[in-house]
Structure formats: C-alpha cells, structure tokens
Number of protein chains: 2
Amino acid sequence: MLPANEKWFTEVCKEAGSAISWGIDAHLAHETTDFQTIDVYRTTQWGNLMVIDGFVMLTSRDNFLYHEMLTHPALFSHPDPKQVVIIGGGDCGTLREVLGHQGVESVTQVEIDEQVTRLAEQHFPELCERNGDPRARLMFDDGLAYIKSIAAGSVDVIIVDSTDPIGPAEGLFGPGFIADCFAALAPGGILVQQSESPLLHQKLIGGIRANMEQAGFDDIRTLGFPQPCYPSGWWSATQARKGGTIEAVSPERFAASGIQTRYFNPGVHVGALATQLP
Amino acid sequence: MLPANEKWFTEVCKEAGSAISWGIDAHLAHETTDFQTIDVYRTTQWGNLMVIDGFVMLTSRDNFLYHEMLTHPALFSHPDPKQVVIIGGGDCGTLREVLGHQGVESVTQVEIDEQVTRLAEQHFPELCERNGDPRARLMFDDGLAYIKSIAAGSVDVIIVDSTDPIGPAEGLFGPGFIADCFAALAPGGILVQQSESPLLHQKLIGGIRANMEQAGFDDIRTLGFPQPCYPSGWWSATQARKGGTIEAVSPERFAASGIQTRYFNPGVHVGALATQLP
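In this text the structure is predicted, and so the values were computed from the model without any measurement.

**Q** Please provide a residue-by-residue account of the domain arrangement of chain A, values included.
**A** Residues and elements named next belong to chain A. By domain assignment, chain A separates into domain 1 (8–59) and domain 2 (63–273). Between domain 1 and domain 2, the C-alpha centre-to-centre distance is 23 Å. Listed by partner, the interface residues are 24 residues for domain 1 and 22 residues for domain 2. Regarding the contact of domain 1 and domain 2, the summed buried area is about 2,100 Å², with carbon and sulfur atoms giving 70% of it. Where domain 1 meets domain 2, there are zero salt bridges. In this structure, the connection of domain 1 to domain 2 is made through seven residue pairs in polar contact (both at pLDDT 80 or more). At the level of elements, strand E1 (8–13), strand E2 (18–32), strand E3 (37–43), strand E4 (48–52) and strand E5 (55–59) are the ones that each hand at least two residues to the side of domain 1 that touches domain 2.

Here it is in structure tokens:
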C-alpha cells in the first residue's frame, strides 16, 4: 500500500498490470492545450515530473538515459550527420544532446504543442540550455505535415521523440509517416523512433519494424536501455538506415567528439545494438 | 491513483521516493519462518510474485534478466569454471543458469531459509527444473559460516544472490565476508554479488567495491542490466577477479556453450561491462 499520509502520483500501465508511483511535494502546473493535458509535479526525490494525459514523460533525475540513447547511437552510427530533424521532443532534452555534436549544421525540431516547450523552459531549464544555439530551429507544428513538406533526400537523421502511440502521436507510428521519413532522408540517413518497452510492447515494436522494412529501409535495429520512469523501466529506440549498416561508434570517434555522457559510451552502444526481444 | 476496485501489491522504495505495483489475482502463500516472512501472489500479468519481508524478490515474467546477468557474465569471464558456490539463491533460478554450463562439475547452493526453496518448487517450478542434477548440492545453512569453512583456493566462482542488505543478508555485504570469499577462491576466481540499482544505490555499490579492493581483488566491475521488478527497473551485479582481468565472452565460446538465453549474449556482455555509474 502507498502510505496514505503522503502524496503520490501514480501511472497505471493497463496493458501490463503494473504501476509506478512517485512521492510528490507540489503540483506545479496543470494546463489543457488544444492537444492534451500537461501536468508538472515536484517529486520528493526525482526532481520535477512532467505528465501528459496521465502518462509520465520525464523526470529531472532519469531523463538523461532516454535522451542520450535516443540521440547518440543514431548520430554516431551516421558517418557525418549535418542535417537533423526532431519530431516531437518538446522538452528539448533530445535537442540538447544533438547540439552536442559539433558537426551538426542544423537541427529543426517540430513539436505540435508549444506549451510542452514553455513548461520545459520553466521546470526543466537544464534541458533547454542550448535552445538559443544558432543551429537550432524550434517549430511548433504538425510533424507529419512537416516531413511531407521537406525536400527528398535532404536530412541525415530524423529522431521521432514522441509520446505513446495514442492521441496526437498516433500517426507517427503509422506506415505513411515512416515512408515519408524514408523519402526525406539522404542516402545513408538514419531514422530513429522511441519504441516503448522490449518486455511489454513487442507487438508495437514489431509493427514499427515492419513499417520500416516496407518503406525500404535496410538495417533495422531495436536498442534497449534502462528508463526508470517508464513502464517496466526497460525501454527501446528502433533505428533504420537508408542504405548501409548500423554499427557501434569507435572509441576514437567518441573520444574525439568531446561529448560528455552519463550512460552512453562505445561499449554501451555495442550492448544496445545486441538487444534481443525476449 | 491505483484503481480502488482492483487488488494491488505495492513495494515502496523509501530511500528513492518511488513505488512499483502489480495487479494481484490471489494470495497464494504467507509463511513466517525463523528468518523472515515470505508471501507469494498470483499477479494479473507477471505470473507469480515472491515477496520477502515486503520486498519483491522475483516475478515469473522478468526474473530471466536477473538470473542470466548474475550468472553468465561471471562464468563466461572465467576461463574454465568447475567449482561454483551460490550463497542465497533459494529460488534456484541462478542454480538453473549455472547448471547450463557443461564444464561445471559441482555447484553448492547455501540458502539460509529452506522455505524459500520449498515455495519456489511449488510456485516457480520452471526455476527448479535442474535441482535434481547430480552436480547440484542444495544446503540450507548460513552462507557466512559456509564460506569460512571451505578449503582456501577451492572455488572458481562464488555468486552472492542475496536479498537486500538488511535482515539476514546484511553480513553478506560486509568486509569480513568478502575477505573470506577471496580466500575461498582459486587464483583467477571470480566473486559476483547482486549490488542493487546503479541509479539509486551508488553508496552501497561504492561500499561493495571498496570491500573487494581491500580484500585483494584485482579487476572490479559493476554490470548494469534492466530488472523491471526492482526499484528503478535498473539493477546491477558487481564482479571481482582474484588475479587477471574481466573480459566479455567471445561469440565463439558463447555459441559453443549451447546456452540459450533471452537477454544475455556476447554484445550485451560488452555493454554491461561498460556500465558507468551516472
């Protein structure tokens, strides 16, 4: 039982028959936008917690795992990523990691709900510290339409940093969007999409992989990593490359990048690429 | 909020301000032994759940992660493990994995509480399927005293598969026990101990590593892996070798072993050995 004399935020994962709770000090924000309901809580030990439509998006304490693992494996598996697009990613943590790569010339982030970013600026300022980088362009628009609109073969890496595949993000898990990403990518380009839990969501992962294969992608890999604030604490990103294979970064390239991480490193990259669905 | 019209078992992790809950169908067992209180529940989607003194030990659905990662990295980092000792491990899942290694000649398991094994036989029979192997010896005794009693230099791998460092397992985390393990190990031998969460329990991990260093061990490595039923969903095993280094298994040796796994493989081994404490 959760102690009745304390305040808790609980996310029930209905499809898994499990739940995670955090002790709560304060309810910092509650906003209903055109797209969803956003809450921010102050937790007792996990820093701030952002919740969208009742589903946990991130906490201050553990978001580094997700943001590092969505970004660095994809960018380091591309020989020289210059043009990057982020779909979703409104908390700007992925954007911050992308901008750590010196060779990147431009990053366009297309988040549908501006309030996610405004609340992140307020409650997760560390994630937004590079938003003023001249290489960053923050758009608040429909990611599906944006990917359709850009020139074919113009992007090196597309990162789909979305909410769960219900509500506004549903289309981001469909075959049409994946095919549009394939068209937008230059040869050798990489698409990476957050793909839920390797333990709980194997059907969803299978669907993403099938869409990627159907779109014409070559190497398709699902990388697992720990993510305490999401159901099961074990999460994944699924990558697909348009021509060529997906390989782990060399220790030399990683060291030369000067990028500081708390989880990702060349050995962890090898391990993530070896993930098998259980 | 957890739905009030459903039954849930909740473990609160006080030191982390978080909790995990499972939907429950039935309370299958409740026993108070000389050492602790043991409960077994049937969950809605995680199979059976064993709880000791209110702390979750394992579920049918996700224990493969813990048992594989406590066992295979240690045995495969030893050139030819023949004599293995398990301290704790009463559910017999670690024993099952050890017995998968053809070269192992004997495994002695020293569990302090026989009822853990009796309840595992009843409610987790798949973990006990190799208990009748002629190489296996199941003792119900004090692991601290057992390690002190055996001949110096007689063991290749010691696996400490214990509960949390409170209650009966407390001594297993102290410097005296680690020093006794060092004495019991043959040259090149490996000690591995479950060492809690890399995110939540860094102080404990630091203490284990300091004890290992003080005992005279050479290479000391903390391997991270996902473990949904434990706080944060991210867990670790800390290994120490008596002379020599700890390396990942070669793909050739792993393939030749014939061992079937759902999580561990040579690439995952590389990743786990690259774990950095965040």
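**Q** Summarise the UniProt feature "domain: PABS" (unreviewed entry) in chain A; cite the residues concerned and give the values.
**A** UniProt marks residues 6–242 of chain A with the feature "domain: PABS" (unreviewed entry), using the numbering shown here. The distance from the first to the last C-alpha atom of residues 6–242 of chain A is 51 Å, and the span holds 26% helix and 37% strand.

**Q** Go over the pattern of salt bridges, please, and point to the residues and values.
**A** Under the definition given, this model contains 20 salt bridges over all chains. Members of the salt-bridge network, linked through shared partners, are A:Asp80, A:Lys82 and A:Glu105.

**Q** Talk me through the sheet that holds strand E6 (residues 83–88) of chain A; I want residue IDs and the actual numbers.
**A** All names here are of chain A. Sheet architecture is open: seven strands sit in the order E8-E7-E6-E9-E10-E12-E11, paired in mixed fashion. Each of the sheet's edge strands pairs with one partner strand only, and the pair in question is strand E8 (136–140) and strand E11 (220–226). Neighbour-to-neighbour, the strand axes of this sheet turn through a mean angle of 15°, independent of strand direction. Where E11 lies against strand E12 (residues 234–241), seven bridges are found, and the strand directions are antiparallel. Within E12, the position partnered with Leu223 by the bridge is Ala237.

**Q** Can you lay out unusual backbone geometry for me, pointing to particular residues and giving the numbers?
**A** With a phi angle near 75°, A:Cys92 is a residue other than glycine that sits in the positive phi range. Residue classification places A:Cys92 among the buried positions, given a relative accessible area of 0%. One non-glycine residue, B:Glu196, lies in positive phi territory at about 65°. With respect to the secondary-structure elements, B:Glu196 resides in the loop between strand E10 (185–194) and helix H6 (202–215). B:Glu196 sits in the buried class, given a relative accessible area of 4%.

Parameters at a glance
Residues numbered from 1 in each chain as written. Chains lettered and ligands numbered in written order. Predicted model: local features only at pLDDT ≥ 70, side-chain atom pairs only at ≥ 80, totals over all residues. Heavy atoms only, no water. Domains from an automatic or database assignment. Contact = heavy atoms within 4.5 Å. Buried area = accessible area lost by both parts, 1.4 Å probe. Salt bridge = Lys/Arg side-chain N within 4 Å of Asp/Glu carboxyl O. Polar contact = N/O pair within 3.5 Å; in protein donor to acceptor, adjacent residues only side chain to side chain. Helix = DSSP H or I, 4+ residues; strand = E, 2+ residues; numbered from the N terminus. UniProt positions renumbered as here; feature names shortened; annotations may be inferred. Pairing = 2+ DSSP bridges. Axes fitted to C-alpha atoms, helices over the stretch in contact; angles between N-to-C directions. Buried < 20%, exposed > 50% of the residue type's maximum accessible area, 1.4 Å probe, protein only.

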